[in-house]
Amino acid sequence: MTHLLKTSTLLLILFCLSAAPARPGFAQDSDQAQAFLEGVQAYEQGDFARAAEAFLGLAQAGVESGRLYYNLGNAYLRAEDLGRAVLWYERAALLMPADPELRFNLDYARSQTRDALAARGDAQDREAAGGSLLSRVLFFWKPMLPLRTLQILLIACGGVFWLALGSGRVLKNKPGRRLWKSLAGLALAGVLLIAPTVVHLEYHRVARTKAVILAPELAVRSGRSPDATELFTLHAGAEVDLEEEHEGYVRLRFGPDMIGWARADQVERI
Amino acid sequence: MPTLRQRILVFLAVFLLCASSTTRAHAALAKAEVDRDRLGLEQTLLLTVTVTGAGANVDVSVIEDFTVLARQSASQISIINGQSTYTTELQYLLGPNRIGELTIPALPVEVNGESITTEPITVTVQEDAVKDSGGKDDPDLLITLQAGVSDTTPYLGQELTYTLSIITNNVNILGRGLEEPKFEGFSAIKLDNVRQYRSTLDGQDVLVFELTWLLRALGEGAKVIEPALFYYEVPAPHLSMHSAITETRTARSKPLDVEVSPLPPYEGERSFSGLVGDFDITADLERQTMAAGESATLVVTVSGRGNLDGLGEPEFTGPEKCKVYADKPVEELSASAEGTTGHKVFRYALVPLEQGEMRIEAFSLTWFDPDQGKYVTKQTDPIVVEVSKGAEMAATPEPGQEAATAEAADKTEVELKHRDILPLKNGLDSLESKGPLDLWLLLALLLVPVALYGLVLVAAGLAGRDKGPGREMARRAAQALKQAAQTLESDPDQCLAHCSRALVAAVFAAAGDQGEALTYEEAAALLKGCSGQKGRSTITEQDPEAVPGLMRDLDALRYGGGKQDTEAVRAVFDTVRKTVRRLCP
């Protein structure tokens, strides 16, 4: 092998070993820790509004933690703000979908919402509940692993694939070449399995089409005016899909076919 | 210079352009006006916003000094001299939020895709109602709201009552509704019974409706209970909204200040239960004698007045040599003007395992009594029971002995009796950011290995070209070997010829030289020269002898005459293939 070939192969190996992003450290800011503990104390004393305010400050300062969002959900739920409780529980679910305490509390919060889809039929109910059969099969680990973990797995499989391919290319002896090619095949299978879920989650993360109703009661109308015909009413905590936003109003969809316009400041994206 | 005819034609064209439009779009206009500029705190104001243009949308959320009580709208089209004008009139019934100079700010209006604003309006609000000219206000009408709390300086956790009295001297007053106070910073339970009675106020007979809430502060510090609002109707012929002849007015209570004090520090030996109020605790065992293996129920009852709903399970591990089975606590509580009263019962099934004296230690309860302003502790008496001999049960089976088997219990489905959320995650690892990677970072991390692989390919290509003639001879050897494989079955003679060419090319490739033919001695010499050299680890010491020997075998088969034995040719081909691959890695 020439020096250049050796060097490039070594670079590829080193990259794959170091490509995993650095593990984020604990809170280095003592102010954040202080604010967090004050929020916990306020919650335990029963001042849930103050607890929510403390946790919200941390979230707005850039702390992106499923556990913090879970605490926000708890504080808002205790403060009887069901809409924001569901909103923050849903945001926590994006980061730690398999957390059992979160699922329990989110189920409880959802049980408190007032709006339910009319039962229509098996296929439509399933679609409303969790997506089509195809999406549930393709994205079966969506409720198990957070997006970050899937991203890291995808990067790792991709790196191993290219490393194995490169090594198989430069190795002269057959057994070594065969081994690397097998490894490349396995890594490729991993990429093909994970990539659709990552793409699907990235699309929803960027598009942010899911939202929660915050207002205790929200009139959904036929047009962008307070005088337009009221089509139906939604309540705090109802989860909707946003289709369009225009001049302070959003067009939302609840279930498969309940569509209308509502004030954008009464709805917040997950 | 334009001719007269040209000038006439231009004039006609301009005239026709100006006159041709039968429907001209007017610039959008919006005007806001009120029906009065002075009113009392209990009176209402009618705001009318007139907008020319279709599809008008007025944003009244910018009005902070008033509350919008009702709204309506109407549209009309007028055609004058062939020109049509679309007008929308929106009316809002407003109630003032305070006394003083109040402002209705410039209202944003959207119409025909344009954004315009109205002019701001200033209105004076005074304490007393303003008499309208031609109005039929009843000078003797009395409606007032009074609010009070049982304690303006409660302790945290202490219950207090908020009482709202609606006082009127007109039993026929029409009420639109009551907007209850928000009770921010408190948990509030509205008591069902509304008290109604007659009384006297300033010498007048009045009717009083009394509503009560039970409050509990959620935190310490100063808190304000906002006023309640009561809407009622009075005759008002000047108003046109809904073609009604009544005017909506409001009566409001005063806001109340409450200062919630923290509980004083607790320095007692027993743990504080968290209860605030007045309580009692008892403990009873259903029987005073029992046999080992029999069960008896211990009932611990906490009763009293206060925040009993917050009481947790008492610490109780049970006597020695006794099994304890705790039942789910049962509570019976009721809210009244005196506070939350009732009891909470904890039941334990005790099964003594041995004969002897079983002692149940005293239960202790510590609570804070706000009336006394101090912590109070009460203990039950210890309970001593004589356990006689019975069907003794071992705590664990002895080796060699069969454990006593109980009958299988009837299983019932576990059902949720109550629902509540699980507690906070209060570890500092909750501050650890674990959000997904940025999209661009993800793409970069996915593409960098691809780029490095490309670099490896380029490097491999360059390395290959450095071989010079040796590389070319290795390529020829591989080519000849491929042809030999293809002709192995169909033309063994041709196969042997290709094998021979492949072997010669491989020897040249190993030596880094180029050529077409080699004698056995030349081949041996070339290989001897390469053997043991750095980078030639595939050439062994036996090759300078073995390879020429293979060349001889090939020539013998080719030129030996007769039909070729396919198996022999195959064996030679395999040997040549291994040798060529070894000489040309």
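Report on the accompanying structure.

Each value, and the rule that gives it
- Residues numbered from 1 in each chain as written.
- Chains lettered and ligands numbered in written order.
- Predicted model: local features only at pLDDT ≥ 70, side-chain atom pairs only at ≥ 80, totals over all residues.
- Heavy atoms only, no water.
- Helix = DSSP H or I, 4+ residues; strand = E, 2+ residues; numbered from the N terminus.
- Buried < 20%, exposed > 50% of the residue type's maximum accessible area, 1.4 Å probe, protein only.
- Contact = heavy atoms within 4.5 Å.
- Areas by Shrake-Rupley, 256 points an atom, 1.4 Å probe, with all protein chains shown as cover.
- Buried area = accessible area lost by both parts, 1.4 Å probe.
- Salt bridge = Lys/Arg side-chain N within 4 Å of Asp/Glu carboxyl O.
- Polar contact = N/O pair within 3.5 Å; in protein donor to acceptor, adjacent residues only side chain to side chain.
- Core = buried A, V, L, I, M, F, W, Y, C linked by side-chain atoms within 4.5 Å.
- Patch = residues over 30% accessible without salt bridge, like charges linked within 9 Å, V, L, I, M, F, W, Y side chains within 5 Å.
- Pairing = 2+ DSSP bridges.
- Axes fitted to C-alpha atoms, helices over the stretch in contact; angles between N-to-C directions.
- Parallel < 35°, antiparallel > 145°, perpendicular 65-115°, else oblique.
- Left-handed = near helix turned anticlockwise from the far one by under 90°.
- Nonpolar A, V, L, I, M, F, W, Y, C, P; charged D, E, K, R; others polar.
- Phe/Tyr/Trp six-rings, centres within 6.5 Å; stacked < 30°, edge-to-face > 60°.

1. As for the overall build of chain B
Working step 1: Regarding its fold elements, chain B presents seven helices and 30 strands.
Working step 2: Residues classed as buried in chain B amount to 37% of the 585 residues present.
Working step 3: In chain B, the share of contacts with a sequence separation of at least 24, taken over all contacts with a separation of at least 6, comes to 70%.
Working step 4: About 33500 Å² of surface is accessible on chain B, with carbon and sulfur atoms providing 51% of the total.

2. Points about the interface of chain B and chain A
Working step 1: Of the residues lining the interface, 45 residues belong to chain B; the matching set on chain A comes to 71 residues.
Working step 2: Both faces combined, the contact of chain B with chain A buries some 5400 Å², and carbon together with sulfur accounts for 66% of it.
Working step 3: At the surface where chain B touches chain A, the tally comes to four salt bridges.
Working step 4: For K425 of chain B, the salt bridge is made with E101 of chain A, and the minimal N-O distance between the two is 2.5 Å.
Working step 5: Across the chain B-chain A interface, the total number found is 18 residue pairs in polar contact (both at pLDDT 80 or more).
Working step 6: Tallying contributions element by element places helix α2 (residues 439-465) of chain B first for the side of chain B that touches chain A, with 16 residues.

3. A word on the nonpolar core
Working step 1: By size, the foremost hydrophobic cluster in this structure holds 39 residues, and its most contacted members are F55, L68, Y69, L77 and Y89 of chain A.
Working step 2: In terms of residues, this core owes the most to one element, helix α5 (residues 82-95) of chain A, which gives eight residues.
Working step 3: Those residues in contact with F55 of chain A, other than ones at most four positions away along the chain, are F36, G39, V40, L68, N71, L72 and A75 of chain A together with L424 of chain B.
Working step 4: One finds C499, A502, A506 and A509 of chain B within the second-largest nonpolar core, a separate group that totals 34 residues.

4. Quick word on a nonpolar patch on the surface
Residue and element names in this part refer to chain B.
Working step 1: Residues W440, L443, L447 and V450 make up a contiguous nonpolar surface patch of roughly 420 Å² in combined accessible area.
Working step 2: Note that V450 resides in helix α2.
Working step 3: By relative accessible area, which is 32% here, V450 ends up partly exposed.

5. Observations concerning the pairing of strand β10 (residues 121-126) of chain B
Residue and element names in this part refer to chain B.
Working step 1: Across three bridges, strand β2 (residues 38-40) lies against β10 in parallel orientation. Paired with L39 across the strands is V125, a residue of β10.
Working step 2: Note: strand β7 (residues 100-104) against β10, five bridges, orientation antiparallel. Counterpart to I104 in the pairing with β10 is I121.

6. Looking at the packing of helix α3 (residues 469-487) of chain B against helix α7 (residues 566-583) of chain B
Residues and elements named next belong to chain B.
Working step 1: Contact geometry for α3 and α7: axes closest at 11 Å, N-to-C directions at 160°. One finds that α3 runs roughly antiparallel with respect to α7. Judged by the sense of rotation from one axis to the other, the crossing of α3 with α7 is left-handed. Between α3 and α7, the residues in contact are A477, L481, A484 and A485 and F573, V576, R577 and V580, respectively.
Working step 2: Classifying every residue of the contact of α3 with α7 gives seven nonpolar, no polar and one charged.

7. Examining the packing of α3 of chain B against helix α4 (residues 492-511) of chain B
Residue and element names in this part refer to chain B.
Working step 1: Between α3 and α4, whose axes approach to 8 Å, the crossing angle comes to 165°. Comparing their axes, α4 and α3 come out roughly antiparallel. The way α3 lies across α4 gives a crossing that is left-handed. Along its contact with α3, which presents G470, M473, A474, R476, A477, A480, L481, Q483, A484 and T487, the element α4 presents P492, Q494, C495, H498, C499, R501, A502, A505, A506, F508 and A509.
Working step 2: Residues that form the contact of α3 with α4 fall into these classes: 14 nonpolar, five polar and two charged.

8. Looking at the packing of aromatic side chains
Residues and elements named next belong to chain B.
Working step 1: Applying the stated rule across the entire model yields 17 aromatic pairs over all chains.
Working step 2: Centroid distance Y162 to F183: 5.1 Å. Interplanar angle 85°. Geometry classified as edge-to-face. In this pair, Y162 is assigned in strand β12 (residues 159-168) and F183 in the loop between β13 (175-179) and β14 (186-190), connecting sequence segments 21 residues apart. Accessibility assignment for this pair places Y162 and F183 in one class, buried.
Working step 3: Among the aromatic side chains, those forming a connected cluster through ring pairs are Y155, Y266, F272, F368 and Y375.

9. Considering the sheet that holds strand β22 (residues 289-291) of chain B
All names here are of chain B.
Working step 1: Overall, mixed pairing links the three strands, which are arranged β22-β30-β27 in an open sheet. Looking along the sheet, the strands with just one partner apiece sit at the ends: β22 and β27 (356-360). Averaged over all pairs of adjacent strands, the angle between their axes in this sheet comes to 35°, without regard to strand direction.
Working step 2: The pairing of β22 with strand β30 (residues 383-388) spans three bridges and is parallel. Among the inter-strand pairings, A291 is bridged to a residue of β30, identified as S388.

Interpretation in functional terms is not warranted from these geometric data alone.
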